[in-house]
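# Observations on the model geometry
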Amino acid sequence: MAAFATDMPIVRCGDAYPGRGFVGRKSAGDGPSQGAPERAVRGRSIAFLKHPKRAFADRRISTKIVSVALVVASVFAAVGVVGLIRINALAAQQEYQYRTNVMALSYMTDARSAVGTQLEAVVSHILSDSGYYRNQYESDIATTDLRLDADLAQLQKVHLVSSEERALNAFGSLLKLWRAARDSALDASRRGDRQRASEILLVQSQALATSVKTRADAVLTQILASVATGSRQALSSSRATERFMLLSLLAGALVAITLSVLAARTLSRPLREAVDVLTGVGQGDFSQRLTVRGDDEVGQMGHALNKTLVALRDAFAGLKHQAYHDNLTGLANRALLRDRLTEAFTRTSHDNTLALILVDLDGFKQINDVYGHAVGDLLLVAVGERLRENVQGPDDMAARLGGDEFAVLLERFDKPSEAYAVTDRLLAAIGEPVSLPGLEIRPRASIGVALWNGHSDIDGLLRDADVAMYAAKAQGKNNVVRFEEIKALT
């Protein structure tokens, strides 16, 4: 057993060094931990019914574009179909008006004309003598009867409204009475009894003839009113159809614009956010994440980008840690110490609230030569851990400057005695034995401490602490020298 052996815990070669290196760990809130898996085909319809917006967001971009196009086409197709239906209904209405009112008007006008012609023929028949003219009047009466029967037959086939049908039936009834009186007057005229024929005509037939014409005029008036009403209705329906088509087209255009904007936003907004996130990454900000709204190609890109950002953040954090920390002990290195000193100089006032301690191990070269560099590395790790444990201030820091040389930065103490107490505690802690496989080593160190007294640069403070540390070596090693004491002697 070597003379340096103690009962301190053993640090075996090959064990992980406390604080050595840096492995970036991903916190629970650092983006998605898994990639966005492809959704199964089964259950898509149920998911769409429950969450249509979410289901649409998960569709592929090509599917979204086709869906929007189909919806827009369907809207305009529906508008066209409804418009055609309305136009066909208008055409059917106009055809019905033609087949009823217009045709009824034509037949009733002809019947009214036949009644007037027949009345004149009957009067002329009574007043004329036998011969050619009377025969001609007979023929005119027969012809007008045929016209009246034909017109009434056609009017019966037309689907008139109830009021028009009642007026037409009344006209037919009066026409039968007129024909009966007329035939009596014509029989008397044929027998040559002109006086009797005139009496019948004046007493009976004339009143009936007047009633027949009046009734015919009434029917004509009603049919004309129906024609006018139908024309107004057709015009109103045409204008209503025109307004409906215009409003439907406007609504379809609004739907198309809305869907187009939504489809564009599903593409443009994630891409714009991705540009913003990547711009932040270019400026060194790895905290931003892309908001993922679906599992389409853009959503998958967002998942991949977020995972990449986490990996980049961890990689840059690892590189930064390696650049500012010692790989063996995990302590800060010389570069980080100088950065912290620069920051401390801006915070420290002239009341000596900053101290720099330099620690150099005594006889470290002999340990490497006798026991090998592996043992020497374990000893450096143990010393670094003891420095870290005995520096407890929130702004204090332990560092390895290289080889067997260490440094400790102390801040925010009220008086120099507090810094000197820490220095004495460090010397005692370093001197505790280190137990290694097969041997125990009791390290020794020379320590120099310098207080900040308005130094203008970092190198001046480092030089003062270095002078104190070499003075400790010159005084027999394994002790502490304060630069202020050396300065006081000189």
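Read on for a plain summary of the structure. (Residues numbered from 1 in each chain as written. Predicted model: local features only at pLDDT ≥ 70, side-chain atom pairs only at ≥ 80, totals over all residues. Heavy atoms only, no water.)

### Observations concerning the pairing of strand S6 (residues 445-451)
Most of S6 is tucked away: seven of the seven residues are buried. The alternating pattern of S6 places Ala445, Ile447, Val449 and Leu451 on one face and Ser446, Gly448 and Ala450 on the opposite face, and all of these are buried. As judged from the seven bridges shared by strand S1 (residues 354-361) and S6, these two strands associate in the antiparallel manner. Looking at S6, one finds that aspartate 360 is bridged to serine 446. Relative to strand S7 (residues 480-482), S6 runs parallel, the two being bridged by three bridges. (Buried < 20%, exposed > 50% of the residue type's maximum accessible area, 1.4 Å probe, protein only. Helix = DSSP H or I, 4+ residues; strand = E, 2+ residues; numbered from the N terminus. Pairing = 2+ DSSP bridges.)

### Points about helix H12 (residues 458-474)
Helix length check: H12 (17 residues) gives 24 Å between terminal C-alpha atoms against 24 Å at 1.5 Å per residue, within 8%. Regarding H12, the residues found buried are Ile458, Gly460, Leu461, Leu462, Asp464, Ala465, Ala468, Met469, Ala471 and Ala472. Lining the buried residues of H12 we find helix H8 (334-347), S1, strand S3 (405-411), S6, S7 and helix H13 (483-489). Sitting at the head of H12, aspartate 457 places a side-chain oxygen 3.0 Å from the backbone nitrogen of glycine 460. (Expected span 1.5 Å × (residues − 1). Contact = heavy atoms within 4.5 Å. Polar contact = N/O pair within 3.5 Å; in protein donor to acceptor, adjacent residues only side chain to side chain.)

### Side note on the side chain of glutamate 411
Mapped onto the elements of the fold, glutamate 411 is located in strand S3. Non-local contacts of glutamate 411, meaning those with residues more than four positions away in its chain, are made with Arg340, Ala344, Arg347, Thr353, Leu354, Asp395 and Asp396.

### Some details on the packing of aromatic side chains
Enumeration over the complete set of coordinates arrives at two aromatic pairs. Centre to centre, the rings of tyrosine 132 and tyrosine 133 are 5.3 Å apart; their planes meet at 75°, and the pair counts as edge-to-face. For the pair formed by tyrosine 132 and tyrosine 133, the shared burial category is exposed. For the pair phenylalanine 345 and tryptophan 452, a centre-to-centre distance of 5.9 Å together with 50° between the ring planes defines the contact as tilted. Taken together, the residues phenylalanine 345 in helix H8 and tryptophan 452 in the loop between S6 and H12 connect sequence positions 107 residues apart. Assessed through its relative accessible area of 6%, tryptophan 452 is described here as buried. (Phe/Tyr/Trp six-rings, centres within 6.5 Å; stacked < 30°, edge-to-face > 60°.)

### Focus: the side chain of threonine 329
Along the polypeptide, threonine 329 turns up in the loop between helix H7 (297-324) and H8. In this structure the side chain of threonine 329 is engaged in a polar contact, spanning 3.3 Å, whose partner is the backbone nitrogen of leucine 331.

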